[in-house]
Amino acid sequence: MTKRAIILSAGQGSRLLPLTADRPKCLIDFSGRTLLDWQLDMLIAAGVDDITVVTGFREEMVAARIAARDDTACVTTLFNPFYKVADNLGSVWLARALMDRPFLILNGDTLVSAEIVDRVLAAPDAAIRVTVDVKPAYDLDDMKVKRDGDRLLDIGKRLTAEESNAESIGFLRFNTDGAARFRREVERMMHSSEGTLSWYLRAIHHIAADPASKVHVTSIEGLEWGEVDFPDDVIVGNRLTAGWVAKGR
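About the criteria used
Residues numbered from 1 in each chain as written. Predicted model: local features only at pLDDT ≥ 70, side-chain atom pairs only at ≥ 80, totals over all residues. Heavy atoms only, no water. Phe/Tyr/Trp six-rings, centres within 6.5 Å; stacked < 30°, edge-to-face > 60°. Buried < 20%, exposed > 50% of the residue type's maximum accessible area, 1.4 Å probe, protein only. Helix = DSSP H or I, 4+ residues; strand = E, 2+ residues; numbered from the N terminus. Lys NZ or Arg CZ within 6 Å of the ring centre and 35° of its normal. Pairing = 2+ DSSP bridges. Right-handed = clockwise from strand over helix to strand, strands pointing away.

**Quick notes on the packing of aromatic side chains**
Each aromatic ring pair is specified by the distance between its two centres and by the angle formed by the two planes.
Line of reasoning, step 1. Applying the stated rule across the entire model yields four aromatic pairs.
Line of reasoning, step 2. Between Phe174 and Phe182 the ring centres are 4.7 Å apart and the planes differ by 35 degrees, which places this aromatic pair in the tilted class. Of the two residues, Phe174 and Phe182, both sit in the buried class.
Line of reasoning, step 3. With a centroid separation of 6.5 Å and 85 degrees between ring planes, the pair formed by Phe182 and Tyr200 is classed as edge-to-face. Linking Phe182 in helix α5 (residues 176-190) with Tyr200 in the loop between α5 and α6 (201-208), this pair joins segments that are 18 residues apart in sequence. Each member of the pair, Phe182 as well as Tyr200, is classed as buried.
Line of reasoning, step 4. Here the aromatic residues Phe103, Phe174, Phe182 and Tyr200 are joined through ring pairs into a cluster of three or more.
Line of reasoning, step 5. For the cation-ring pair, Arg33 lies above Trp38, with the distance from its terminal atom to the ring centre recorded as 3.7 Å.

**A look at the pairing of strand β11 (residues 166-174)**
Strand residues, when the strand is regular, have side chains that alternate between the two faces of the sheet.
Line of reasoning, step 1. Across the nine residues that make up β11, a large majority, nine, are buried.
Line of reasoning, step 2. Sheet analysis places strand β6 (residues 103-107) next to β11, joined by four bridges and oriented antiparallel. Along β11, the bridge assignment pairs Leu106 with Phe171.
Line of reasoning, step 3. Here strand β8 (residues 128-133) pairs with β11 via five bridges, running antiparallel. Across the sheet, Val130 pairs through a bridge with Leu172, a residue of β11.
Line of reasoning, step 4. Here two bridges tie strand β9 (residues 144-148) to β11, and the two strands are oriented antiparallel to one another. Residue pairing in the sheet places Lys144 in a bridge with Glu167 of β11.

**What about the pairing of strand β4 (residues 50-55)?**
Line of reasoning, step 1. With six of six residues buried, β4 is to be regarded as a mostly interior element.
Line of reasoning, step 2. Side-chain alternation along β4 places Asp50, Thr52 and Val54 on one buried face and Ile51, Val53 and Thr55 on a second face that is also buried.
Line of reasoning, step 3. Pairing between strand β1 (residues 4-9) and β4: six bridges, direction parallel. For Ala5, the partnering residue across the bridge sits in β4 and is Ile51.
Line of reasoning, step 4. Bridge count for β4 against strand β5 (residues 74-79) is six bridges, and the pairing is parallel. Within β5, the position partnered with Thr55 by the bridge is Phe79.
Line of reasoning, step 5. Read as a crossover between parallel neighbours, the route from β4 over helix α2 (residues 59-67) to β5 is right-handed.

What is shown is where atoms sit, not what they do.
Spelled out as structure tokens, the structure:
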């Protein structure tokens, strides 16, 4: 069976300037490979064979990088011309035709280990699964999660630290029913005033608020991952990926 993934890589990564002045965040080098290469390598190694990368800033550079790879999987791009004026809900909306079957979404700034991809794919069936980690405290920039066991009750940066007991790492899995529910919510939001100003995880927030719609979490506590948002994250990411290289990843 085809395993499909959508990688959201349209943004420039302005908080990383000047590093991203002439290249998108997903093409930053980490231990000899771009962030995007690391993502593709980990997904493909786990058997994901249908991958769409949503591009925006310097999309021609991303397309060239993908064309230079020798992949067994089908890796294509989908250009988001609205990346400067819409948040990542716009990228998800553009990719909605791909949501007719089970799929994964991975944020374009998240480095994930092979163990994380394997755990996400092996988790029990659920309409929607949000991959989460835990840490001692959560800050304003974290995509915070409130959960009860493996049930997600709420998600968003607006949650207080006291309400939160996990954070989303930007990696989600949908089965066929969850994909249809998510697609409907994305369509509804894009027809509302909040649409272009929203993160796509706001759609998960709305879905989780419906008692009939069960959103679950997959915990990857103790496994290796990194988010690349700020200059210090690049240092951490290089340390992380250097370890993966040493392990022959």
